[in-house]
Amino acid sequence: MSDSLKNFPEPQKGEDLYRYLLERVTTLEDRNTEIREQLRQLEADKRYLETQKVRYEREVRKLKSEIEQMKSPPLVIGTVTDVIDASRVIVRSSAGPRFLVGLSQNIDVEQMKPGARCTLNQQSLAIVEILPSNFDAQVYGMEVVDAPMERYDDIGGLERQVLEIQESVELPLKKPELFKRIGIEPPKGVLLYGPPGTGKTLLAKAVAHETEAHFLRVVGSELVQKYIGEGARLVRELFELAKKKSPSIIFIDEIDAIGASRTESNTSGDREVHRTLMQLLAEMDGFGNRGDVRIIGATNRIDILDRALLRPGRFDRIIEIPLPDVEGRLSILKIHTGGMHLDPSIDLREIAQKTEGRNGADLRAITMEAGMFAIRSDHETVTRDDLLNAIEKFSGELERGTFSGTAGAMFA
Ligand code: ATP
């Protein structure tokens, strides 16, 4: 019996028994409610502790499997090259050599296709699992996620080239029906060639902007890999990604790094570069001219390019991007001084005449330097002298050889 009931006063002589019982019942009821409330509270606590227990058990399981994973040896990555039968396949490990390995019964042989990526046990090299056909992180890195901001208006002195690239890249993407109606195939790839810093990359970016296509940019040397077959795989994945994200433009800068003529040289490095080039040619042959993936290549050394690349059906539109002439320089100067406060007495044509032999990147650097001179001498506007000093400074640096290539690199 609880204390409160024990302490309840005994009925007094002469007291009304009915009142006594009523009070007693009321007390018991109160106590009952109190106990019920306690019970409810305890049940809620029990439920909470049970869910906590489940959570902790789950966490223990997760930590245990993490420990297991840390203890297990790393797996080797390989590529299936041939499927012999349901239990044997030939794989090439990422280190190069090829092996005939067994196939576990847990693996669906249907997924075993040449080219599939898989993990191999370090010791037996047996296939452990098939990896999802994911693109290499390097290939994802080639995708320029934010559309380029450059427009045709930002390009000076290349009107004819802009027109050509519009016809061969923009029109097939935007109005493929025009080509169908006339019954001709648009060029598959466009090769831009010319000296450095003349606006080849700029032109490719502008087309991507104007066509609102996905822009995948890769520098040829990035495709030259250390291990056998890796460069070819990157090229294959690059084209796959471009098709998946179509409409898209693949821009291969410095294509001479993989596209230089094949020589008799037989070092393993050369063979790997050739393999990458062969894959590029195979990919270019593999899709139709009217598809919505366009390829733009750029090089400073067209003279060393393999003829196979320039064959019709590959880079069949070749556009020269020369050093700008005086009119070209004038329009490039106008573009780069567009946002600057220039002294009204400045005659840009005079500046264009004084910058013979300079490329677009140099001209941009000269206008920037003139701006720096103006800031240094605390002018409100850029004066003719600032521009002449900038030209002077760059000629000096050019002669000493300290400037070569930096302008393009600095402001590209
Ligand atoms: P490389 O062969 O070295 O890759 P490139 O021809 O691709 O050089 P870009 O990267 O396009 O040269 O040019 C570098 C910069 O120079 C551009 O970002 C741009 O600011 C300026 N530039 C070059 N050519 C022009 C041009 N015709 N009109 C306006 N700006 C230009």
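*Asks:* I tried to follow the overall build of the protein chain on my own but got confused; where do I start?
*Replies:* Looking only at helices and strands, one finds 15 helices and 11 strands in the protein chain. In the protein chain, which comprises 412 residues, the proportion classed as buried is 38%. Restricting to contacts in the protein chain with at least 6 residues of sequence separation, those with at least 24 account for 71%. Accessible surface, the protein chain as shown: approximately 24,100 Å² in total, 52% of it carbon and sulfur.

*Asks:* Is there a simple way to explain the nonpolar core in this structure?
*Replies:* Most often, soluble globular proteins have nonpolar side chains that are buried together. Ranked by internal contacts, the top residues of the largest apolar core, which has 26 residues, are I250, I255, L280 and L309. Those elements giving two or more residues to this core turn out to be β8 (214-219), α7 (230-244), β9 (248-253), α9 (268-286), β10 (293-299) and α10 (307-310). The dominant element in this core, judged by the number of residues it contributes, is α7, at 6 residues. If we skip the residues at most four places from it in the chain, I255 touches L191, L280, A298, T299, L305, L309 and F315.

*Asks:* Before we go on, may I ask you to explain the site of the ligand in this structure?
*Replies:* Close to the ligand lie 19 residues, the nearest being G156, G197, K200, T201 and H336. Here an oxygen atom of the ligand and a side-chain polar atom of T201 are 2.5 Å apart. For the ligand, the protein covers 88% of the area, taking 630 Å² as the surface of the free molecule. Secondary-structure elements contributing two or more residues to the shell around the ligand are α6 (200-211), α11 (326-337) and α13 (360-376). Its residues assigned to classes, the shell around the ligand shows 7 nonpolar, 8 polar and 4 charged. Split by domain, the shell around the ligand shows at least three residues from each of two domains, domain 3 (139-320) and domain 4 (326-410).

*Asks:* What am I meant to see in the sheet that holds strand β3 (residues 98-102) here?
*Replies:* Note: strands within a sheet are paired through backbone hydrogen bonds, in either parallel or antiparallel orientation. Spatial ordering of the open sheet is given by β3-β2-β1-β4-β5, a layout of 5 strands whose pairing is antiparallel. Since the sheet does not close on itself, it has two edges, and those belong to β3 and β5 (127-130), each with one partner. Averaged over all pairs of adjacent strands, the angle between their axes in this sheet comes to 45°, without regard to strand direction. Looking at chain direction, strand β1 (residues 76-85) and strand β4 (residues 117-120) are connected through 4 bridges and run antiparallel. Bridging from a neighbouring strand, V76 pairs with L120 of β4.

*Asks:* Teacher, can you tell me more about the pattern of salt bridges here?
*Replies:* Charged atoms that come close allow side chains of opposite charge to pair. In this structure the tally under the stated criterion is 21 salt bridges. A salt bridge links E164 to R317; its shortest N-O distance comes to 3.4 Å. With E164 in helix α4 (residues 159-174) and R317 in strand β11 (residues 315-320), this residue pair connects regions lying 153 residues apart in the sequence. The exposure class of R317 is partly exposed, given its relative accessible area of 23%. Salt-bridge contacts for E369 lead to R376; the nearest nitrogen and oxygen are separated by 4.0 Å. A residue is classified by how much of its surface remains accessible, and E369, at 13% relative accessible area, is buried.

*Asks:* Sorry, what's going on with the packing of α11 against α13 here?
*Replies:* In helix packing, the relevant descriptors are the interaxial angle and the interaxial distance, both defined with respect to the helix axes. Running from amino to carboxyl end, α11 crosses α13 at an angle of 45°, the nearest separation of the two axes being 9 Å. With respect to their mutual orientation, α11 and α13 come out oblique. Between α11 and α13 lies a crossing whose hand is right-handed. Taken together, the residues of α13 that come into contact with α11 (itself represented by R329, I332, L333, H336 and T337) are G360, L363, R364 and T367. Of the residues in the contact of α11 with α13, the class split is 3 nonpolar, 4 polar and 2 charged.

*Asks:* Hey, could you run me through the side chain of K188 in this one?
*Replies:* Within the secondary structure, K188 is located in the loop between α5 (176-182) and β7 (189-193). Buried charge without a partner: K188 forms no salt bridge, and the closest opposite charge is D285, 4.8 Å away. Within the structure, the side chain of K188 is placed 2.7 Å from the backbone oxygen of M284, a separation counted as a polar contact.

*Asks:* In this structure, what is going on with the environment of L103? I would like to understand it.
*Replies:* Within the element layout of this structure, L103 appears in the loop between β3 and β4. Separated by 26 residues in the primary sequence, L103 and E129 place their C-alpha atoms 9.4 Å from one another. When residues no more than four places from it in sequence are discounted, the contact partners of L103 are A86, S87, V109, M112 and I127.

*Asks:* What's the story with α11 in this structure? I'm lost.
*Replies:* In an α-helix, one turn spans 3.6 residues; hence positions three or four apart end up facing the same way. Relative to the 16 Å expected for 12 residues at 1.5 Å per residue, α11 spans 16 Å between its end C-alpha atoms, a close match to the ideal helical length. Within α11, the full set of buried residues consists of G328, R329, L330, I332, L333 and T337.

*Asks:* How should the confidence of the model for the protein chain be read in this particular structure?
*Replies:* Interpretation of this model should avoid reading the predicted coordinates in detail wherever pLDDT is low. Mean pLDDT for the protein chain: 82, with 84% of residues reaching 70 or above. The spread of mean pLDDT over the elements of the protein chain runs between helix α15 (residues 406-411), the lowest at 41, and helix α2 (residues 17-71), the highest at 93. Below pLDDT 50 for its whole length, residues 404-412 participates in 8 contacts with residues either more than four positions away or in separate chains.

*Asks:* I keep staring at the environment of L342 and nothing clicks. Help me out?
*Replies:* Tracing the backbone shows L342 in the loop between α11 and α12 (348-354). Sequence-wise, L342 and G371 are 29 residues apart; in three dimensions their C-alpha atoms are separated by 9.3 Å. Once you skip the residues sitting within four places of it in the chain, L342 turns out to touch T337, L348, T381 and V382.

*Asks:* Explanation requested: the pairing of β10 in the structure shown.
*Replies:* Along any regular strand the residues' side chains alternate between the sheet's two faces. With 7 of 7 residues buried, β10 lies mostly within the body of the structure. The two faces of β10 match: V293, I295, G297 and T299 on one face and R294, I296 and A298 on the other face are all buried. The pairing of β7 with β10 spans 5 bridges and is classified as parallel. Looking at β10, one finds that Y193 is bridged to T299. Here β9 pairs with β10 via 5 bridges, running parallel. By the bridge assignment for β10, F251 is matched with I296.

So, how was this worked out
Residues numbered from 1 in each chain as written. Predicted model: local features only at pLDDT ≥ 70, side-chain atom pairs only at ≥ 80, totals over all residues. Heavy atoms only, no water. Helix = DSSP H or I, 4+ residues; strand = E, 2+ residues; numbered from the N terminus. Buried < 20%, exposed > 50% of the residue type's maximum accessible area, 1.4 Å probe, protein only. Contact = heavy atoms within 4.5 Å. Areas by Shrake-Rupley, 256 points an atom, 1.4 Å probe, with all protein chains shown as cover. Core = buried A, V, L, I, M, F, W, Y, C linked by side-chain atoms within 4.5 Å. Near = heavy atom within 4 Å. Polar contact = N/O pair within 3.5 Å; in protein donor to acceptor, adjacent residues only side chain to side chain. Nonpolar A, V, L, I, M, F, W, Y, C, P; charged D, E, K, R; others polar. Domains from an automatic or database assignment. Pairing = 2+ DSSP bridges. Axes fitted to C-alpha atoms, helices over the stretch in contact; angles between N-to-C directions. Salt bridge = Lys/Arg side-chain N within 4 Å of Asp/Glu carboxyl O. Parallel < 35°, antiparallel > 145°, perpendicular 65-115°, else oblique. Left-handed = near helix turned anticlockwise from the far one by under 90°. Lys, Arg positive; Asp, Glu negative; His and termini not counted. Expected span 1.5 Å × (residues − 1). pLDDT = per-residue confidence, 0-100.

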